[in-house]
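Fold and geometry: a report
Below are the chains, spelled out letter by letter.
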Amino acid sequence: MTIKSWLVSKLLADTALMALVGGASHLLPQHPGVIASFPCLIYTEANNADAHFADNVPLAADSTFIFDIYVSGGSTSAIDEALHTVMMGLFYTREFSADVPDADLNVKHKTSRYRRTLCAEDLV
């Protein structure tokens, strides 16, 4: 199942989240090494594994995504809350969320992991 493109389309469609992040150009599929523009939301598909088999065919997928929020000179809370609202609406469960210490005291970083089991018919 192509879960990542489905999920990214849902994130992009959420106007509140996109307004807080700064638009689609601030939603990144991987860490750029050096973050040039803040805020940004980085997503990583950490797991997409077959699940719930019948007649040796997978009927679902266990999906896990990791998100990293970076802001400069502010707080990650508003973006984190908007992301959590979107993910809860898609029936993902947040497994953890934590602030990540950064050597640059002006940059705030929060990471979160979400998990859900999906069937093909869920991807609408």
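Scroll up to find the structure.
So, how was this worked out
- Residues numbered from 1 in each chain as written.
- Predicted model: local features only at pLDDT ≥ 70, side-chain atom pairs only at ≥ 80, totals over all residues.
- Heavy atoms only, no water.
- Core = buried A, V, L, I, M, F, W, Y, C linked by side-chain atoms within 4.5 Å.
- Buried < 20%, exposed > 50% of the residue type's maximum accessible area, 1.4 Å probe, protein only.
- Helix = DSSP H or I, 4+ residues; strand = E, 2+ residues; numbered from the N terminus.
- Contact = heavy atoms within 4.5 Å.
- Pairing = 2+ DSSP bridges.

**Some points on the nonpolar core**
- The biggest cluster of nonpolar side chains holds 25 residues, and the ones touching the most others in it are Leu11, Leu17, Phe67 and Tyr92.
- Listed by contribution, the elements that provide at least two residues to this core are helix H1 (3-13), helix H2 (15-21), strand E2 (40-54), strand E3 (57-72), helix H3 (77-89) and strand E5 (107-119).
- Excluding its chain neighbours within four sequence positions, the residues that come into contact with Leu17 are Leu11, Leu41, Ile79, Ala82, Leu83 and Val86.

**Topic: the pairing of E5**
- As paired elements, E3 and E5 share 13 bridges and run antiparallel to each other. Of the residues in E5, the one forming a bridge with Ala61 is Leu118.
- For strand E4 (residues 93-99) and E5, the ladder comprises 6 bridges, and the chain directions are antiparallel. If you follow Phe96 over to E5, its bridge partner there is Arg113.

**Points about the sheet that holds E4**
- Overall, mixed pairing links the 5 strands, which are arranged E1-E2-E3-E5-E4 in an open sheet. Every other strand in the sheet has two partners, leaving strand E1 (27-28) and E4 as the edge strands with one partner each.
- Where E2 and E3 come together, 13 bridges link them in antiparallel fashion. The residue bridging Asp50 from the neighbouring strand is Ala61, located in E3.

Bear in mind that shape data such as this cannot, by itself, settle questions of function.
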